[in-house]
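# Results of the structural survey
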Amino acid sequence: MGLLAFSMTGNSQTRTIMRPIKGGTLIPLYGLDSGKVWVDDFLLDEFAVTNEQYLDFVKKYPEWKRANAKSIFADGNYLSEWQSDLQLGSHMNPKAPITNVSWFAAKAYCACQDKRLPSVDEWELAARASETKANAENDSSFNTRIIESYETPNTYSKTVGSTYKNFWGIYDMHGLVWEWTSDFNSVLISGESRQDGEADRNLFCAGAAISASNLRDYAAFMRYAFRGSIKANYNIKNLGFRCAKSK
Amino acid sequence: MKTSHLKNILSLVFLICLFACQTQVNSSEQYICPMKCEDHKTYDHPGTCPVCKMDLVKVSSLEAPILDEDGISEESIFNLQSEWKTQDNETIHLTDLRGKVLVVVMIYTSCEAACPRLVADMRNIYSKVDNPAVDYVLVSIDPEKDTPEKLKAYAKEEHLEGDQWILLQGKLDDVREFSNVLSMKYKKISPIDFSHTNIISVFDKNGVLQHQQEGLGVSNDKLVQEVKALIEE
C-alpha cells in the first residue's frame, strides 16, 4: 500500500510553465509617498506549487523534511497534515496547492528551481487581471467574485487550475489559497514607526475599509491585513505559494 | 460532568504512573514515535511507529534541546547561511559572531527620523552594559546604498568605534530573510526613505533570540538586565 502511494505521488511532477507578465504602474493599497510603483516585466508560474511537487522537493532536499526543518525556519505546523516525512496525508489531493509551508520553505523551494518568490507588488499586478482584461480592478463583477472566493471555505484542497485562467495565462490568483510573497513583511502593523504612523492607521482602522471607494480596496485590504499579521516561520492551512523570475 | 472529572483525574494518575514507571526503568531505554503519533506512548524496545511507520527514537534523545552536529540549536540565527560585509570590508557569516551576546538593530544610514534615536539607544545600552562579551550589530536595510565605506563613515560619525561595533551590508534577499528572523518589518517608500519597525533584539551566545525591545524612547532597563544575565550564562 505504502509503496503504491509512493509511486503514485512520486515521479509525476511536471515542471510548471512560467508566463510572462507585462510590467506597469500599480497603486498599492497604501504605503508609498508617491502613490504609484513601477513593476518591471517578470515571469510567474501558471499554477501554485502542488503537494506532489513539494513532495519531490522534500525528497531531493531532506533538510526540508518535516522532521529536519529547523524551528527558526518553520514552526510546528510545517507539513502538519502529512502522514510522514515522505508521505502526503491520505486525504490530501496531490494536485492541490501545497500549504502549511513557511516563508523560508517557500523561498528555498523557489531558489532550488532557480526562481524566487514574487514581490507583493508583482503579485498584485498579476492578480488584478481577469480572464479578459490585464487590469480589471475597476470591474465590479470581478471584484465581487474575488470577495466571494475569500468567503468560500476549504478551497485549499481543490486541484490547481480549477478556478479561472487570467489574461496572462495564470491560474487561480484568487480562489484557491493565499500566497506567500518575498516581501510580505513590508506591511507594517505595529505603530511605533513614526514615519509610517499615518499609513498604519489607514490600514488598520476599520474606517479604511469602510471609506474605501470600491470593492477592489476591500479585497486588497484583506490581503494586506493578512500579510501584515503573519510571520515568516508560520505554516498555515490556506497559505501556499508560486514562484516568479525576473526577465 | 462528574464522570469527565473523574476521567481527567484517572488519566492524570495514569500519566503520573507512566512517568514514575519510566524513571524506575531508567536503566533500560524507552522508545517513542518521533512524530508523537500516539502522544506519549512509549515502547521498551526499538521498532517502527504503527501510525506513521517512522523508526522509534529513544525518549532521552527528545528531551535534550535538539542540536545539529556543530552544536547549534534549531532556533539559532547561526543556521542562516548568508554572507555579510562588515564596515571594514571583511566577509563574515553570522556564525562568526558565536560566543558573544549580540544586541542587534536594523537601520539605514540616510535615515533621519527614527534611526538616530535607535542608534543612540544602542550606544546607551553599550555604556550601561559595559562588558566586552557583547557585540553590537547594526544591519543595514538599504544595502544598495550602505556600502562598507559608507557604514565605516557612519560608525565614525555616530561614535560606534571599537571591536564591539559591527555594521553589516548583505544582499537584498538576505537582509529580507534576516528581518524575518527578527519579525522586523520594513518597506522602501521612496528612493531615499524606508518605513520600518523599531526593534532592538538580544541574542544569547548561541544565537537564539532572547529579548526584543520595541519602540522608540522606551526604557532599556529590562534589555540591559537581560544582556547582563546572558553574559553570565
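Residues numbered from 1 in each chain as written. Chains lettered and ligands numbered in written order. Predicted model: local features only at pLDDT ≥ 70, side-chain atom pairs only at ≥ 80, totals over all residues. Heavy atoms only, no water.

Counted only if it meets this: UniProt positions are given in the numbering used here, feature names are shortened, and annotations may be inferred rather than shown by experiment.
Under an unreviewed UniProt entry, the name given to chain B is SCO family protein, and the source organism is Algoriphagus aquimarinus. Of chain B, the UniProt comment under Sequence similarities (unreviewed entry) reads exactly: "Belongs to the SCO1/2 family."

## Overview of the state of the cysteines
By definition, a disulfide links two cysteine residues through a covalent bond between their sulfur atoms. The condition is simple: In plain terms, two cysteine sulfur atoms within 2.5 Å form what is called a disulfide here. Numbering goes from the N terminus for both helices and strands, where a helix is a DSSP run of H or I of at least four residues and a strand is a run of E of at least two. The buried label goes to any residue with under 20% of its type's maximum accessible area, the exposed label to any with over 50%, and the partly exposed label to all in between, with areas taken from a 1.4 Å probe on protein chains only.
Summed over the entire model, instances satisfying the criterion amount to two disulfides over all chains. The residue that forms a disulfide with cysteine 110 of chain A is cysteine 243 of chain A, at a sulfur-sulfur distance of 2.1 Å. One disulfide, between cysteine 110 of chain A and cysteine 243 of chain A, carries an S-S torsion of -85° and so falls in the left-handed class. Placement of the pair is cysteine 110 of chain A in helix α3 (residues 103–112) and cysteine 243 of chain A in the loop between β6 (239–240) and β7 (244–246), with a sequence separation of 133 residues. We classify cysteine 243 of chain A as buried; its relative accessible area is 1%. Covalently, cysteine 111 of chain B is tied to cysteine 115 of chain B through a disulfide, its sulfur atoms 2.3 Å apart. An S-S torsion of about 95° defines the bridge between cysteine 111 of chain B and cysteine 115 of chain B as right-handed. Take cysteine 111 of chain B and cysteine 115 of chain B: they sit in the same class, and that class is buried.

## Things to note about the pattern of salt bridges
Put simply, the test is: A side-chain nitrogen of Lys or Arg and a carboxyl oxygen of Asp or Glu constitute a salt bridge if their distance falls within 4 Å.
Applying the stated criterion across every chain, the model contains 19 salt bridges over all chains. The closest approach of N and O atoms between glutamate 52 of chain A and lysine 95 of chain A, which form a salt bridge, is 2.6 Å. Placement of the pair is glutamate 52 of chain A in helix α2 (residues 51–60) and lysine 95 of chain A in the loop between α2 and α3, with a sequence separation of 43 residues. Residue lysine 95 of chain A is classed as partly exposed on the basis of its relative accessible area, which comes to 41%. Between aspartate 88 of chain B and lysine 152 of chain B there is a salt bridge, with its nearest N and O atoms 2.6 Å apart. Here aspartate 88 of chain B is found in the loop between β4 (83–86) and β5 (91–93), whereas its partner lysine 152 of chain B is found in helix α4 (residues 148–157), with 64 residues between them in sequence. According to the relative accessible area criterion, aspartate 88 of chain B is partly exposed, its value standing at 42%. Because the salt bridges share partners, they merge into one network encompassing Glu124, Arg223 and Arg227 of chain A.

## Brief notes about the UniProt feature "binding site: Cu cation" (unreviewed entry) in chain B
All names here are of chain B. Put simply, the rule is: Two residues qualify as a contact provided that any one of their heavy atoms is within 4.5 Å of a heavy atom in the partner residue. Two N or O atoms count as a polar contact when they lie within 3.5 Å, although within protein this holds only if one can serve as hydrogen donor and the other as acceptor, and sequence-adjacent residues are included solely when both atoms are side-chain atoms.
The UniProt record marks Cys111, Cys115 and His196 with the feature "binding site: Cu cation" (unreviewed entry), using the residue numbering of this structure. Spanning 86 residues, the named residues nonetheless gather at one spot, since no C-alpha pair among them exceeds 10.5 Å. Mapped onto the secondary structure, cysteine 111 falls in the loop between β6 (101–107) and α3 (115–129). With near-sequence residues (within four places) excluded, cysteine 111 lies in contact with Pro116 and His196. Looking at the secondary structure, you find histidine 196 in strand β10 (residues 194–196). By relative accessible area, which is 1% here, histidine 196 ends up buried. In this structure the side chain of histidine 196 is engaged in a polar contact, spanning 3.3 Å, whose partner is the side chain of asparagine 198.

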